[in-house]
Amino acid sequence: MAAGINKVILVGNLGKDPEVRHLEGGAAVANFTLATNDYYKDKSGNRVERTEWHNITAWRGLAETAEKYLRKGQQVYIEGRIRTRQYQDKDNQTRYITEIVADEITMLGGRPHADGQNGSNGNGEQHAAAEAQQTFRQEPELDQLPF
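In this text the structure is predicted, and so the values were computed from the model without any measurement.

### Here's the deal with the overall build of the protein
The helix and strand tally for the protein stands at two helices and seven strands. Looking at the 147 residues of the protein, the share that counts as buried comes to 29%. Within the protein, counting contacts between residues at least 6 apart in sequence, those at least 24 apart form 58% of the total. Accessible surface, the protein as shown: approximately 10300 Å² in total, 46% of it carbon and sulfur.

In structure tokens, the structure reads:
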């Protein structure tokens, strides 16, 4: 029987700048949050917005790229996979965290300005925004190669 598929695609806005740590072996890991929004109508017919927060993890070169280019509020497209892990908290209770391990990150909406804001002012910046859309991918580890 074939293996299962674990694929996640998200488009949302960064909740904070990526926080990058370097592990003992030298590997970099970046963590940040991503907000996605849902809209629905309640029983009264009012439009309601619901925000879902996702924990995102990027490894190695993708982590370093995230640290260099991604900023709070920026809109990004992320492809990855869901992972749930467990840990012991300070009271020795088992806790679980579900996160998205990013394989690909594409910056959307143009380059962030120096003040941290994104986007276009409507004066011909659409071309610049299209040029600013960059995709970064996690390179496979040697043990992940398909041959």
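### A word on helix α1 (residues 60-69)
When we look at burial in α1, the residues that qualify are L62, A63, T65 and A66. Projected onto a plane normal to the axis of α1, the buried residues spread over an arc of 165° and lie on a single side. As for α1, its buried residues are in contact with β2 (19-22), β3 (28-41), β4 (47-59), β6 (94-108) and β7 (135-137).

### Some details on the pattern of salt bridges
Between side chains of opposite charge, a pair can form when the charged atoms approach closely. In this structure the tally under the stated criterion is eight salt bridges. Between E79 and K7 there is a salt bridge, with the nearest N and O atoms lying 2.6 Å from each other. Linking E79 in strand β5 (residues 75-88) with K7 in the segment before β1 (8-14), this pair joins segments that are 72 residues apart in sequence. Here K7 falls in the exposed class, since its relative accessible area comes to 53%. A salt bridge links R85 to E99; the shortest N-O distance between them is 2.9 Å. Here E99 lies in strand β6 and R85 lies in strand β5, a separation of 14 residues in the sequence. R85 gets classed as partly exposed once you look at its relative accessible area, which sits at 36%. Ionic contacts of the salt-bridge type, sharing partners, join the residues D38, R50 and E52 into one network.

### Looking at the packing of aromatic side chains
Taken as a whole and judged by the stated rule, the model has zero aromatic pairs. Above the face of the Y39 ring, R47 is positioned so that its terminal group lies 4.0 Å from the ring centre.

### A look at the confidence of the model for the protein
Within the protein, residue pLDDT values average 83, and 76% of them lie at 70 or more. Below a pLDDT of 50 lies the segment residues 113-131, which in the model reaches 18 contacts outside its immediate sequence neighbourhood of four places, other chains included.

### Considerations on the environment of D38
In this fold, D38 is placed in strand β3. Remark: the alpha-carbon pair of D38 and E52, spanning 14 residues in sequence, is separated by 7.8 Å. Among all residues touching D38, those that are not within four sequence positions of it are V48, E49 and R50.

### Remarks on the side chain of H54
Within the secondary structure, H54 is located in strand β4. If near-sequence neighbours (up to four positions away) are discounted, H54 is found in contact with L10, F32, T33, L34 and T36.

### Remarks on unusual backbone geometry
Look at R60: it is not a glycine, yet its phi comes out positive at around 50°. As for its position among the elements, R60 is in helix α1. Of note in this structure, N92 is not a glycine but carries a positive phi near 65°. Structurally, the position occupied by N92 is in the loop between β5 and β6.

Conventions we followed
Residues numbered from 1 in each chain as written. Predicted model: local features only at pLDDT ≥ 70, side-chain atom pairs only at ≥ 80, totals over all residues. Heavy atoms only, no water. Helix = DSSP H or I, 4+ residues; strand = E, 2+ residues; numbered from the N terminus. Buried < 20%, exposed > 50% of the residue type's maximum accessible area, 1.4 Å probe, protein only. Contact = heavy atoms within 4.5 Å. Areas by Shrake-Rupley, 256 points an atom, 1.4 Å probe, with all protein chains shown as cover. Arc of directions from axis to C-beta. Salt bridge = Lys/Arg side-chain N within 4 Å of Asp/Glu carboxyl O. Phe/Tyr/Trp six-rings, centres within 6.5 Å; stacked < 30°, edge-to-face > 60°. Lys NZ or Arg CZ within 6 Å of the ring centre and 35° of its normal. pLDDT = per-residue confidence, 0-100.

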